[in-house]
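# Structural characterization, general
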Amino acid sequence: ALQWYRSWNVSWNDPAAFFGSIASVETSKLMPCNQSDSVMANDPTMRRHVAITGDLDGVVIKDGVYSARCDDGFWWRAP
């Protein structure tokens with residue numbers, strides 16, 4: 001199945017033409033990452049995330065508490 005992608009060339013394709021940008025999403029309809037009942041602010045969940053993935057760049061550790069790194073308050077951006 002991966003053979004089809006062997007000839008993939010990003011300069012020939014523009015998937016962004018088919019999707020809106022993150023800026024087009026109404027953040028009023030989203031839960032902020034740092035809200036207390038958000039999974040992104042859940043210390044045990046984020047510790048498990050780091051233990052499984054090793055992704056220390058995706059979390060913020062403040063006073064020993066782990067939370068997701070959401071630079072704009074809503075989105076966790078994958079590396």
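The preceding data block contains the structure.
Notes on the structure follow. Computed from a prediction, not measured in an experiment: that's the story for all the values here. All chains use their own residue numbering, which begins from 1 and follows the written sequence. Per-residue local features are limited, in this predicted model, to residues with pLDDT of at least 70; the limit for side-chain atom pairs, both in listing and counting, is 80 or more; totals at the level of whole chains, interfaces and linings are taken over all residues. Neither water nor hydrogens contribute to the side-chain values; these are computed over all heavy atoms in the structure.

Counting rule for disulfides: a pair of cysteine sulfur atoms within 2.5 Å. Following the criterion strictly, the structure yields 1 disulfide and no others. Residue pairing for Cys33: its cysteine sulfur links by disulfide to Cys70, the two sulfurs lying 2.2 Å apart. Every disulfide takes its handedness from the sign of the S-S torsion; for Cys33 and Cys70 that torsion is -80°, giving left-handed. Here Cys33 is found in the segment before helix H1 (43-53), whereas its partner Cys70 is found in the segment after strand S2 (65-68), with 37 residues between them in sequence. Going along the chain from the N terminus, every DSSP run of H or I of four or more residues is numbered as a helix, and every run of E of two or more is numbered as a strand.

Time to look at the pairing of strand S1 (residues 59-62). DSSP-based pairing: two strands are paired if at least 2 bridges between them are found. For S1 and S2, the ladder comprises 4 bridges, and the chain directions are antiparallel. Directly across from Val59, in S2, lies its bridge partner Ala68.

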